[in-house]
Amino acid sequence: MQVTMTVNGDEVAREIEPRLLLVHFIREELGLTGTHWGCDTSNCGTCVVWMDDEPVKSCTVLAAMAHGHRIRTVEDLERAGGLDPVQQGFMDEHGLQCGFCTPGMMMTARWLLDRDPDPDEATIREAISGQICRCTGYENIVRAVRWAAEHPATSEVHA
Amino acid sequence: MQTPAPVEYERAASVDDAIALLERHGPEARLIAGGHSLLPMMKLRLARPDVLIDINDLAEELAYVRIDGDDLCIGAMTRHRELLESPVAGEHYRILHDAERVIADPVVRNRGTVGGSICQADPSEDLSAVFATLGARAVIRSSSGTRVVAMDDFHLGAYTTAVGPAEILLEVRVPIRTGCGSAYEKVERRAGDWAVVAVGALVCLDGDRITDAGVGLAAVGAEHFRSPAAEEILRGAEPSEATFDAAAVAASADCDPQSDQRGPADYKRHLAGELTRRALRRATARARGQEG
């Protein structure tokens, strides 16, 4: 079947099998490998992308279901060569070691900060509670999101 | 790599269109809403529909939480997050927010739907126990019309509901009562997991007398997700610790938990009693207008 969707602002069209999962469409059809493919069971959250402005686990959405919708992946966080504050926060606060969970963590963090620009630690932990990191133990991830909350100025390019 | 088996895909444009597609494709067609129950089942080949009928475009028709007459109505396509954030839901039944806060995780709640959850009818499903607690009714449509079924008649067993192969759940209707409080208590092994055991309670008070009560149980094999014996003890009684104890004993006897990776049966039976006690205390405090 033919699907058409907007990915990071660009319209893309592909011929796919209806059973193709969105995460594989993004990685294999579009070559956007920033989105990671982890547990396959909607538990780990490394595959989180935005669908129509909300984070979703792309291992549990069919590409066919995204037909006609807007998808935003981690590649779209950076704007005009500048890092999103969330990305900068992950760098400055050492929010990653292996980096496998990072794209999903950052997409959820960006969504949280857009809705709640000054979240406390409990709110951040709740927001990422469906995402698993096996390296840092979450402390630095929470600090990274707090860093982004405290340095919002550079995110003005965000629509 | 987990991938669903080959499947055809159709997209419904309206409720009537969804029903027409179900009739055209027969009993091996399945509606898909959020997909967070069905797609994992398809990956494991526990479900293997020939055709998926995507009803996400029906959100405009079927995603709402509103008052209609004497009922709080929750549309089948309401996402978990929408119910969690609905002020009118929390105003009437705090149990809805208690439960939604512990259903899956925030990202899954963006996608999963109320209708999808209760139609999946997993024995551990939280909203099934919540709606059983509240004495809700389900509104189901087919090409021959709309019918309304009580929750006891909706839940036919594990993964089985009254919704027929060419039918669609439209909404859940919860009768609005005054002088009531409700609460949901869940024990889970980790954030976002299925319940080890969960219990919902509804307490309606007239002074120092319980006029009506509901006790719902998830993950312990309670028939229709409910404990009629506990409810019977509560009705007409004084809302005291002694009453709650008696109801807790009844609820823990009124179920059939199985030992599995979430715990041994006797532990689950113990939890069913203890969570009944806690849920009743909290529901009673709320019925009295006290925070809890």
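Above this text sits the structure in question.
What comes next concerns the included structure. Fair warning: this is a prediction, and the values are worked out from it, not measured in the lab.

## What about the pattern of salt bridges?
Residue and element names in this part refer to chain B. As enumerated under the stated definition, the model contains 46 salt bridges over all chains in all. Here Arg141 makes a salt bridge to Asp16, at a shortest N to O gap of 3.4 Å. Of this pair, Arg141 sits in strand β6 (residues 137-142) while Asp16 sits in helix α1 (residues 15-25), and the two are 125 residues apart along the sequence. Arg141 sits in the partly exposed class, given a relative accessible area of 26%. Take Asp16: its relative accessible area is 52%, and that puts it in the exposed class. Glu188 is the salt-bridge partner of Lys186, the closest N and O atoms lying 3.7 Å from each other. On the accessibility criterion, Lys186 (16% relative accessible area) is buried. The exposure class assigned to Glu188 is partly exposed, which follows from its relative accessible area of 24%. Within the structure, one salt-bridge network assembled from shared partners comprises Asp152, Arg177, Asp212, Arg226, Glu231, Glu232 and Arg235.

## Re the packing of helix α2 (residues 85-92) of chain A against helix α5 (residues 139-150) of chain A
All names here are of chain A. Running from N to C, α2 and α5 cross one another at 135 degrees; their axes reach a closest spacing of 7 Å. Classified by the interaxial angle, the pair formed by α2 and α5 is oblique. As α2 packs across α5, the resulting crossing turns out to be right-handed. Residues Pro85, Val86, Gln88, Gly89, Phe90 and Asp92 of α2 lie in contact with α5, whose contacting residues are Ile141, Ala144, Val145, Trp147 and Ala148. Its residues placed into classes, the contact of α2 with α5 shows eight nonpolar, two polar and one charged.

## Digging into the nonpolar core
Of all hydrophobic cores here, the largest spans 40 residues; its most connected members are B:Leu96, B:Phe131 and B:Phe154. Here this core spans two domains, and each of domain 2 (61-175) and domain 3 (180-287) of chain B adds at least three residues to it. Beyond its immediate stretch of four places on either side in the chain, B:Phe154 contacts B:Ile118, B:Cys119, B:Ala138, B:Ile140, B:Val149, B:Thr160, B:Thr161, B:Ala162, B:Val163 and B:Leu169. In this structure, A:Val7, A:Val12, A:Leu22 and A:Ala63 belong to the second largest nonpolar core, which totals 34 residues.

## A look at α1(B)
Because the α-helix completes a turn every 3.6 residues, residues three or four places apart line up on one side. Residues and elements named next belong to chain B. Every buried residue of α1 is listed here: Val15, Ala18, Ile19, Leu21 and Leu22. All buried residues of α1 lie within an arc of 160 degrees about the axis, which places them on one face of the element. For α1, exposure combined with an orientation more than 90 degrees from the buried face picks out Asp16 and Arg24. At its buried positions, α1 is contacted by β1 (8-11), β2 (29-32), β3 (51-54), α3 (59-62), β6 and β10 (168-175). Positioned one or two residues after α1, Gly26 has a phi angle of 80 degrees, which is positive.

Cut-off values and rules
- Residues numbered from 1 in each chain as written.
- Chains lettered and ligands numbered in written order.
- Predicted model: local features only at pLDDT ≥ 70, side-chain atom pairs only at ≥ 80, totals over all residues.
- Heavy atoms only, no water.
- Salt bridge = Lys/Arg side-chain N within 4 Å of Asp/Glu carboxyl O.
- Helix = DSSP H or I, 4+ residues; strand = E, 2+ residues; numbered from the N terminus.
- Buried < 20%, exposed > 50% of the residue type's maximum accessible area, 1.4 Å probe, protein only.
- Axes fitted to C-alpha atoms, helices over the stretch in contact; angles between N-to-C directions.
- Parallel < 35°, antiparallel > 145°, perpendicular 65-115°, else oblique.
- Left-handed = near helix turned anticlockwise from the far one by under 90°.
- Contact = heavy atoms within 4.5 Å.
- Nonpolar A, V, L, I, M, F, W, Y, C, P; charged D, E, K, R; others polar.
- Core = buried A, V, L, I, M, F, W, Y, C linked by side-chain atoms within 4.5 Å.
- Domains from an automatic or database assignment.
- Arc of directions from axis to C-beta.

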